[in-house]
Amino acid sequence: MVEAAGLVAFLVFSSVAAVVCHHPNSAVARALGPHEWVQRIGVGLIVGSLVAAMAYSPWGKRSGAHFNPAVTLGFWQLGHIRTADAIWYVVAQFAGALVAGVAIFWLMAPWFGHPDVHYNTTRPREPTAG
C-alpha cells in the first residue's frame with residue numbers, strides 16, 4: 001500500500017504546486033510574475049524536492065521509491081523485482097492514481113481547471129501567425 005499512498009501524495013502535492021504557482025489568484029503566482037517559465041521553475045523545484053524527500057523517506061526505503069509504474073516496470077524488466085511484486089505494485093499505483101484524481105477533482109475543481117493551470121498538464125504553445 002505504500003506505492004498507492006506514495007502516488008497519492010505525489011499527485012496531490014504536484015497538483016497543489018501547479019495551482020499555487022500558476023493560478024492568477026495565487027499570491028505565489030503573482031510574486032513569480034507573468035513569465036510562465038519562472039512559474040514552471042517554481043513547480044519544478046517543488047516537485048523535484050518532493051520526489052527527493054519521498055525517495056529518502058521511510059516510504060521510499062520500504063518500497064524502493066516505486067511511486068511510478070514506469071519505475072516499477074523498469075525494475076521488473078531488469079530483474080530487480082519479481083513478477084508478482086511488480087503486478088501488485090502497478091495495481092496499487094493505479095489505485096492510488098485513481099483515488100488522487102478523484103480527490104483532486106473534488107477538492108480543487110474551481111482552481112485546477114483554470115486555463116492557466118489546465119489540470120496540471122503540459123501543453124505545447126499555440127503556433128503564432130507570422
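Residues numbered from 1 in each chain as written. Predicted model: local features only at pLDDT ≥ 70, side-chain atom pairs only at ≥ 80, totals over all residues. Heavy atoms only, no water.

A. The arrangement of helix α6 (residues 83–112) in detail. Over its 30 residues, α6 extends only 37 Å from the first C-alpha to the last, a length that falls short of the 44 Å expected when each residue adds 1.5 Å. Burial in α6 covers these residues: Ala86, Tyr89, Val90, Ala92, Gln93, Gly96, Ala100, Ile104, Met108 and Phe112. In the core, the buried residues of α6 are packed alongside α1 (2–22), α4 (58–63) and α5 (69–77). (Helix = DSSP H or I, 4+ residues; strand = E, 2+ residues; numbered from the N terminus. Expected span 1.5 Å × (residues − 1). Buried < 20%, exposed > 50% of the residue type's maximum accessible area, 1.4 Å probe, protein only. Contact = heavy atoms within 4.5 Å.)

B. Expanded view of the packing of aromatic side chains. Considering all chains together, one arrives at one aromatic pair under this definition. Between Phe105 and Trp106, the aromatic rings sit 5.5 Å apart at their centres with planes inclined by 85 degrees, giving edge-to-face as the arrangement. Its relative accessible area of 43% is what places Phe105 among the partly exposed residues. (Phe/Tyr/Trp six-rings, centres within 6.5 Å; stacked < 30°, edge-to-face > 60°.)

C. Spotlight on the layout of surface pockets. Of the volumes computed, that of the largest pocket is approximately 580 Å³. Elements with a contribution of two residues or more to the lining of the largest pocket: α1 and α3 (36–56). A class-by-class count of the residues in the lining of the largest pocket yields seven nonpolar, six polar and six charged. Of the voids in this model, the second largest pocket is the one considered here, and its volume is about 220 Å³. Phe10, Val51, Ala65, Phe67 and Asn68 are the residues nearest the centre of the second largest pocket, which is lined by 13 residues in total. Within the residue set of the lining of the second largest pocket, elements represented by two or more residues are α1, α3 and α5. Tallied by class, the residues present in the lining of the second largest pocket amount to 11 nonpolar, two polar and no charged. (1 Å grid on protein atoms, 1.4 Å probe; cavity = no way out; pocket = protein on both sides within 12 Å on 5 of 7 lines; lining within 4 Å. Points joined across faces, edges and corners; volume = space filled by probe spheres on them. Nonpolar A, V, L, I, M, F, W, Y, C, P; charged D, E, K, R; others polar.)

D. Looking closely at the side chain of Ser26. Checked against the element boundaries, Ser26 lands in the loop between α1 and α2 (27–32). For Ser26, a relative accessible area of 14% puts it in the buried group. Within the structure, the side chain of Ser26 is placed 3.2 Å from the backbone nitrogen of Val28, a separation counted as a polar contact. The residues touching Ser26, leaving out its near neighbours within four places in the chain, are Val19 and Val20. (Polar contact = N/O pair within 3.5 Å; in protein donor to acceptor, adjacent residues only side chain to side chain.)

E. View of the side chain of Ser14. Mapped onto the elements of the fold, Ser14 is located in helix α1. Look at Ser14 and you get buried, because its relative accessible area is 7%. Non-local contacts of Ser14, meaning those with residues more than four positions away in its chain, are made with Val47, Leu50 and Asn120.

F. Spotlight on the packing of α5 against α6. α6 packs onto α5 with a crossing angle of 175 degrees between their chain directions and a minimal axis gap of 9 Å. In terms of orientation, α5 lies roughly antiparallel with respect to α6. For the pair α5 and α6, the contacting residues are Pro69, Thr72, Leu73 and Trp76 in the first and Thr83, Ala86, Tyr89, Val90, Gln93 and Phe94 in the second. Broken down by class, the residue content of the contact of α5 with α6 amounts to seven nonpolar, three polar and no charged. (Axes fitted to C-alpha atoms, helices over the stretch in contact; angles between N-to-C directions. Parallel < 35°, antiparallel > 145°, perpendicular 65-115°, else oblique.)

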